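# Structural description and commentary
Here is how the chains run, residue by residue.
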Amino acid sequence: MSKKYFQPEIETMSEEWIRKIQDEKLVKQVKYVYDNVEYYRNLMDEKGVKPEDIHGVEDLHKLPFLKKDDLREAYPYGLLATDLKNCVRIHSTSGTTGKRVVAFYTQHDIDLWEDCCARALVAAGASNEDVCQVCYGYGLFTGGSGLHGGSHKLGSLTLPMSSGNTDRQIQFMMDLNSTILCCTPSYAAYIGETLKEKGYKPEDNKLKAGIFGAEPWTEEMRRDIEKSLGIKAYDIYGLTELSGPGVAFECEEQSGMHINEDHFIAEVIDPNTGEVLPLGSKGELVFTSLDKEAFPLLRYRTRDICVLSRKKCSCGRTFVKMTKPLGRSDDMMIIRGVNVFPSQIEAVLLNNGYAPNYQIILDRVNNTDTFDINVEMNPDDFSDTPKVITAKEKQLQAAMKTMLGINPKIHLLSPKSITRSEGKAVRVIDNRKRLGITI
Ligand code: DLL
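Each residue is numbered by its place in its chain's sequence as written, counting from 1. Whole-chain, interface and lining totals are the exception, using all residues; otherwise, since this is a predicted model, local features are given only for residues with pLDDT of at least 70 and side-chain atom pairs are given and counted only at 80 or more. Note that water and hydrogens are dropped before the side-chain values are worked out from all heavy atoms of the structure.

Looking only at helices and strands, one finds 11 helices and 19 strands in the chain. Here the C-alpha radius of gyration of the chain, 23 Å, is about what a compact globule of 439 residues would show, namely 22 Å. Any residue under 20% of the maximum accessible area for its type is buried, any over 50% is exposed, and the rest in between are partly exposed; the area is computed with a 1.4 Å probe on protein chains only. Buried residues in the chain amount to 56% of all 439 residues. We call two residues in contact when some of their heavy atoms are within 4.5 Å. Taking all contacts inside the chain whose residues are at least 6 apart in sequence as the whole, residues at least 24 apart take part in 65%. For the accessible areas, the method is Shrake-Rupley and the probe is 1.4 Å, while residue cover comes only from the protein chains on display. Entry remark: accessible area of the chain is about 18900 Å², with carbon and sulfur atoms responsible for 52%. Charged-residue counts in this description rest on Lys and Arg as positive and Asp and Glu as negative, His and the chain ends being excluded. One atom stands in for each charge, and that atom is NZ of Lys, CZ of Arg, CG of Asp or CD of Glu. Of the side-chain charges in the chain, 56 are positive and 62 negative, and the distance between the mean point of each set is 3 Å. Segments assigned H or I by DSSP are reported as helices when at least four residues long, segments assigned E as strands when at least two residues long, and all are numbered from the N terminus. Taken over C-alpha atoms, the radius of gyration is set against a globule rule of 2.2 Å times the number of residues to the power 0.38.

In this section: the side chain of D109. Checked against the element boundaries, D109 lands in helix 5 (residues 107–123). A polar side-chain atom of D109 sits 2.8 Å from the main-chain amide nitrogen of E293. Nitrogen and oxygen atoms within 3.5 Å of one another constitute a polar contact, given that in protein one can donate a hydrogen and the other can accept it, and given that sequence-neighbouring residues count only through two side-chain atoms. Of note is the side chain of D109, whose polar atom sits 2.9 Å from the backbone nitrogen of A294. Setting aside chain neighbours within four positions, we find D109 in contact with F104, D291, K292, E293, A294 and F295.

In a beta sheet, neighbouring strands pair by backbone hydrogen bonds and run either parallel or antiparallel. At least two DSSP bridges between two strands are needed for those strands to be called paired. Reading across from one edge, 18-17-16-19 is the order of the 4 strands in this open sheet, with mixed pairing throughout. Looking at the sheet topology across the chains shown, the edges are occupied by strand 18 (409–413) and strand 19 (428–430). Across the sheet, the mean angle separating the axes of adjacent strands is 20° when strand polarity is ignored. Alignment of strand 17 (residues 368–376) against strand 18, held across 5 bridges, turns out to be parallel. Bridge assignment links N374 to a residue of strand 18, and that residue is H411. Against the sheet, helix 10 (residues 342–351) touches strand 16 (358–365), strand 17 and strand 19, its axis set at about 130° to strand 16. Comment: axis = line fitted to C-alpha atoms, over the contacting stretch for helices; angle = value between 0 and 180 degrees taken between N-to-C directions.

Taken residue by residue, helix 7 (residues 166–175) has T166, Q169, I170, M173 and M174 as its buried positions. Looking straight down helix 7, one finds its buried side chains confined to an arc of 120°; they lie on one side. Check the buried side of helix 7 and you find it contacts strand 3 (131–134), strand 5 (180–183) and helix 8 (185–197). N177 occupies a position one or two residues after helix 7 and carries a positive phi of about 55°. By definition, the arc is the one covered by directions from the helix axis to the C-beta atoms.

Structure, rendered in structure tokens:
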């Protein structure tokens, strides 16, 4: 039988109770971090804050921020709050110049994360009678394991496909009657298109809902996916540092994502001054974890820009809602669901003997991101023989794939052909913006 909530007593509790739970958990989490994470203890000491100064959410602003740079600096164990022997899993996200961000999980952390994903699945109408096809990537990326774990918790029949091999995805979707699809929105659109090419109509599949996230997508794209697959498409948000997917999820109202406030406190700040902004303001989203054991993060700056709202939701959930991320306050690009920094591309170029004269061109064609890099050849290494150029492009493409995890199309150009800028170099031309995609 389909339930409306996975954990009704938590998901619909009164705002006062949410606040009470957050107050209590925050005091404990701050003390736990102070006692166990030297890196953050030093930040608190520098700011002159002690755990005793934190009595509840109203004191949150006293704590120092954590940034992605802190996570890189503390790589790999500097923010770990428990013995490694208590950890059961590591996930990782791409980082600049090869230094990745790694997050650790105890079994307790995995349990809470899976609860969050199960809540998202139930909000999309899933139950133990569903067949949940997970085609987010499995591995270091959190998408696959997160939704997989949530689907198990719920008791759905889980189809752990991982991403890629679209023909096989479609064969299993049809033969095994998948009802819930979990993947990036661009992959969902691609599956829809391929189904059409194969002569299937939307009503030929048994899908009823999809849970799509990890990259920006528009309302237009939602409508396209819903039409091509004959489903309801729900957004899901999260980041590796905090666990993975399921930090926030959409409900039947499809108008923003409920943040799992029993596990995370959300703040919106002015990205330039760090000042906390009132509800309804647009700013950078900052999260504080409330009950993580291995990798607790206090006031972690996500760089995602959004707006929070406590407007009553018709689904009955009381958790605060966030809009879709409306952009980022750093230079991270999300290409086919993968986080990519221009500095990573620069590092590959320099390591392979190229000067840092390049331009990244992004677009979205048939709902799939295209990723091209124009690179100048060095004058002393210049060749205009097509065979030589193609070989060099292939070699550079392979090096990029190793660093980024995805394949760009490389175009080697003659020296001095990329316009020099007189001010800040324009390294990224993101033509996806014309479609309203703002990251
Ligand atoms: O993308 C976790 C995830 C997996 C979320 C599957 C949803 C579904 P990271 O690779 O660490 O983790 O990337 C986190 O991706 O800071 C946002 O900028 C972006 N992002 C995540 N979800 C959404 C979304 C996963 N629904 C970064 N819409 C975040 C727009 C999103 N951007």
